[in-house]
Amino acid sequence: MLISLKGGLSNKKGEPMKEILKKELQKVSQHYKALKEYKEFIEKMDFDFSIKSFEKLDIYQRAVLEAYLKRFSSLQDYLGAKVFKNLLYLAGISCTKMSEVLTLIEKEEIIDLDRWTEFRNLRNNLEHDYPDELEEGLLDLKYCVDSFKEIEEIVIKVFNFARKYDESISIS
């Protein structure tokens, strides 16, 4: 719940919305940077997302693949669950339902709603349904790796949008 105080929006604890969003964006930045590093590492690996190729990987390379999936999922979830709504509040737009948040974020041209829904469904599958088949898991991984540029563009748009309301915000 947000309350309006002289000087801007605050949460129940009285923390200014700008400060809350800055903390959230720091977390987004951390997820993004780690995801980018994992992506670069994956690109350097001799890996084509096949079962045969996967079986040749050592435990550290497999750990990087797992970490990439975790970061991709965490970044997508955090943006949707926390950041988007607070971006809108910072812009003076109040909404309560997640469907409203996503529709408004799409209107701000930060996301494509259909594509975001695909990411969300994949995130839910990764979080709750471990693939029974290795091949299916590798296809999900490939989809996430191939979607890096889209997630990167969303992160950049989020920071650009926030910067309209606070010029000190940057991907650090």
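Structure's up top.
The structure presented is a predicted model; accordingly, all values stated were derived computationally and were not measured. (Residues numbered from 1 in each chain as written. Predicted model: local features only at pLDDT ≥ 70, side-chain atom pairs only at ≥ 80, totals over all residues. Heavy atoms only, no water.)

Caption draft 1: Highlighting the overall build of the chain. The number of helices and strands found in the chain is seven helices and two strands. From first element to last, N terminus to C terminus, the chain shows the α and β order β-β-α-α-α-α-α-α-α. The buried share among the 172 residues of the chain stands at 41%. Pairs at least 24 residues apart make up 64% of the contacts formed inside the chain by residues separated by at least 6 positions. Element-wise, carbon and sulfur atoms account for 49% of the exposed surface of the chain, whose accessible area totals about 10300 Å². (Helix = DSSP H or I, 4+ residues; strand = E, 2+ residues; numbered from the N terminus. Buried < 20%, exposed > 50% of the residue type's maximum accessible area, 1.4 Å probe, protein only. Contact = heavy atoms within 4.5 Å. Areas by Shrake-Rupley, 256 points an atom, 1.4 Å probe, with all protein chains shown as cover.)

Caption draft 2: Highlighting the packing of aromatic side chains. Evaluated as defined, the whole model comprises eight aromatic pairs. Chaining the aromatic ring pairs together yields one cluster made of Tyr68, Phe72, Phe84, Trp116, Phe119 and Tyr143. The aromatic ring of phenylalanine 54 is capped on one face by arginine 62, whose charged end is 4.3 Å from the ring centroid. (Phe/Tyr/Trp six-rings, centres within 6.5 Å; stacked < 30°, edge-to-face > 60°. Lys NZ or Arg CZ within 6 Å of the ring centre and 35° of its normal.)

Caption draft 3: Here's a closer look at the packing of helix α1 (residues 17–44) against helix α3 (residues 59–90). Between α1 and α3, the least distance of the axes is 9 Å, while the angle of their chain directions is 155°. What the angle tells us is that α1 and α3 run roughly antiparallel. Of the two elements, α1 crosses α3, and the hand of that crossing is left-handed. (Axes fitted to C-alpha atoms, helices over the stretch in contact; angles between N-to-C directions. Parallel < 35°, antiparallel > 145°, perpendicular 65-115°, else oblique. Left-handed = near helix turned anticlockwise from the far one by under 90°.)

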